[in-house]
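Residue-level structure breakdown
One-letter residues, chain by chain:
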Amino acid sequence: MTEERAGAVTVRVLRLGNGDAPLPAYASDGAAGADLRAALPAPLTLRPGERSLVPTGLAFEIPDGYEMQIRPRSGLAARHGMTVLNTPGTVDSDYRGEVKVLLVNLGAEAVTIGDGDRIAQAVVAPVVRARFLPAVELSDTTRGGGGFGSTGRR
């Protein structure tokens, strides 16, 4: 797989602790997300309904104008009901602490995570900052104020 692509952005990564945490890696040439791995001193078991902040052993220097989104891995979700609780989690460009993944076990069985297991994926994406302006009224649309399922009804 090639790591360098046209338009790729460079993200500097600091390995924390003993310094042997693997860098995020793309599993295929077409992958949008790079796999993040657990950095655990001992296996972690999550019973059904439990959640835990799982360390990655990594801190990132994300360029200004970008964010890193933390997303679930589809295989963990399909096989075990394990997902990222605040999906997508956002790592801002000015954050320099360790990135941890908030995993939750929504499955029916306990799941054990070991050191080096792939636990999430990271997607680096551009950010557009909005300018919020007060308004006296908003323009009309067909949908109007209908929310939460209002567009799929007949």
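This is a predicted model, so every value here is computed, not measured.

What counts as what
- Residues numbered from 1 in each chain as written.
- Predicted model: local features only at pLDDT ≥ 70, side-chain atom pairs only at ≥ 80, totals over all residues.
- Heavy atoms only, no water.
- Helix = DSSP H or I, 4+ residues; strand = E, 2+ residues; numbered from the N terminus.
- Rg over C-alpha atoms; globule rule 2.2 N^0.38 Å.
- Contact = heavy atoms within 4.5 Å.
- Lys, Arg positive; Asp, Glu negative; His and termini not counted.
- Charge placed at Lys NZ, Arg CZ, Asp CG, Glu CD.
- Pairing = 2+ DSSP bridges.
- Axes fitted to C-alpha atoms, helices over the stretch in contact; angles between N-to-C directions.
- Polar contact = N/O pair within 3.5 Å; in protein donor to acceptor, adjacent residues only side chain to side chain.
- UniProt positions renumbered as here; feature names shortened; annotations may be inferred.
- Core = buried A, V, L, I, M, F, W, Y, C linked by side-chain atoms within 4.5 Å.
- Buried < 20%, exposed > 50% of the residue type's maximum accessible area, 1.4 Å probe, protein only.

In terms of regular secondary structure, the protein is built from 1 helix and 11 strands. Start at the N end of the protein and walk to the C end: the helices and strands fall as β-β-β-β-β-β-α-β-β-β-β-β. Relative to a compact globule of 154 residues, whose C-alpha radius of gyration would be 15 Å, the protein shows 19 Å and is clearly more extended. Seen through its principal axes, the protein has C-alpha atoms that stretch 55 × 40 × 30 Å. Look at the contacts in the protein between residues 6 or more apart in sequence, and 73% of them connect residues 24 or more apart. Of the charged side chains in the protein, 17 are positive and 17 negative; the average position of the first set lies 5 Å away from that of the second.

Take the sheet that holds strand E9 (residues 98-105) next. Within the open sheet, the 4 strands sit side by side as E1-E5-E9-E7. Their pairing is antiparallel. What marks the edges here is a single partner per strand, and that holds for strand E1 (12-15) and strand E7 (82-84). Here the average twist between neighbouring strands, direction ignored, is 40°. In terms of strand pairing, E1 meets strand E5 (residues 51-61) through 4 bridges, oriented antiparallel. What sits directly across from Val13, in E5, is Phe60.

What follows concerns the side chain of Thr56. In this fold, Thr56 is placed in strand E5. Looking at Thr56, its side chain comes within polar contact range of the main-chain nitrogen of Leu58, at 3.3 Å. When neighbours within four sequence positions are excluded, Thr56 is seen to be in contact with Ala21, Leu36, Arg37, Ala39, Glu98, Val99, Val101 and Ile119.

UniProt marks Arg73, Ser74, Gly75, Asn86, Thr90, Val91 and Asp92 with the feature "binding site: substrate" (unreviewed entry), using the numbering shown here. These annotated residues cover 20 residues of sequence, and their C-alpha atoms reach 26.2 Å apart at the extremes, leaving them scattered rather than at a single site. Residue placement: Gly75 occurs in helix H1 (residues 74-80). As for its position among the elements, Asp92 is in the loop between strand E8 (89-91) and E9.

Counting 23 residues, the largest nonpolar core has Met68, Ile70, Val101, Leu103, Ile113 and Ile119 as its most contacted members. Counting only elements with at least two residues in this core, the list comes to E5, strand E6 (66-71), E7, E9, strand E10 (111-113) and strand E11 (118-126). For Met68, the residues in contact, after removing those within four places along its chain, are Phe60, Ile62, Gly89, Thr90, Val91, Val99, Ala122, Val123 and Val124.

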